[in-house]
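Spelled out from the first residue to the last, the chains are:
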Amino acid sequence: MTENEKLDLILSEVQDIKKDVSNLKRQVLKSTAELKAMDELILDEVERVHGILDRHKADQSAHTA
């Protein structure tokens, strides 16, 4: 194998690695966005349940003990 063939092979591998890294970055960004969206949904639900519990605690007719 000549030096030029070796260099071409190395450059080809580097290009493949660059593509893989680019794809991984895209996947990480997408996953991060999805996680942030899920966080928002969870926090919204926690706030909703918290409001229900606050209303229940304030309702003296619900507590007989």
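Scroll up to find the structure.
Not measured: the values here are computed from a predicted model.

> If you had to explain the pattern of salt bridges to someone new, which residues and values would you point to?
Inspection of the entire model under this criterion finds three salt bridges. A salt bridge links Lys-57 to Asp-54, with the shortest nitrogen-to-oxygen separation between them at 3.9 Å. Taken together, the residues Lys-57 and Asp-54, both in helix α1 (residues 3-58) and three residues apart, mark about one turn of the helix.

> Explain a negative patch on the surface residue by residue, including any values.
Together, Asp-39, Glu-40, Asp-44 and Glu-47 make up a negatively charged patch on the protein surface. Within the secondary structure, Glu-40 is located in helix α1.

> Outline a nonpolar patch on the surface, listing residues and values.
On the surface, Leu-35, Met-38, Ile-42 and Val-46 cluster together into a nonpolar patch covering about 390 Å² of accessible area. By the element assignment, Ile-42 lies in helix α1. A relative accessible area of 53% places Ile-42 in the exposed class.

Here is what the cut-offs are and how they apply
- Residues numbered from 1 in each chain as written.
- Predicted model: local features only at pLDDT ≥ 70, side-chain atom pairs only at ≥ 80, totals over all residues.
- Heavy atoms only, no water.
- Salt bridge = Lys/Arg side-chain N within 4 Å of Asp/Glu carboxyl O.
- Helix = DSSP H or I, 4+ residues; strand = E, 2+ residues; numbered from the N terminus.
- Patch = residues over 30% accessible without salt bridge, like charges linked within 9 Å, V, L, I, M, F, W, Y side chains within 5 Å.
- Areas by Shrake-Rupley, 256 points an atom, 1.4 Å probe, with all protein chains shown as cover.
- Lys, Arg positive; Asp, Glu negative; His and termini not counted.
- Charge placed at Lys NZ, Arg CZ, Asp CG, Glu CD.
- Buried < 20%, exposed > 50% of the residue type's maximum accessible area, 1.4 Å probe, protein only.

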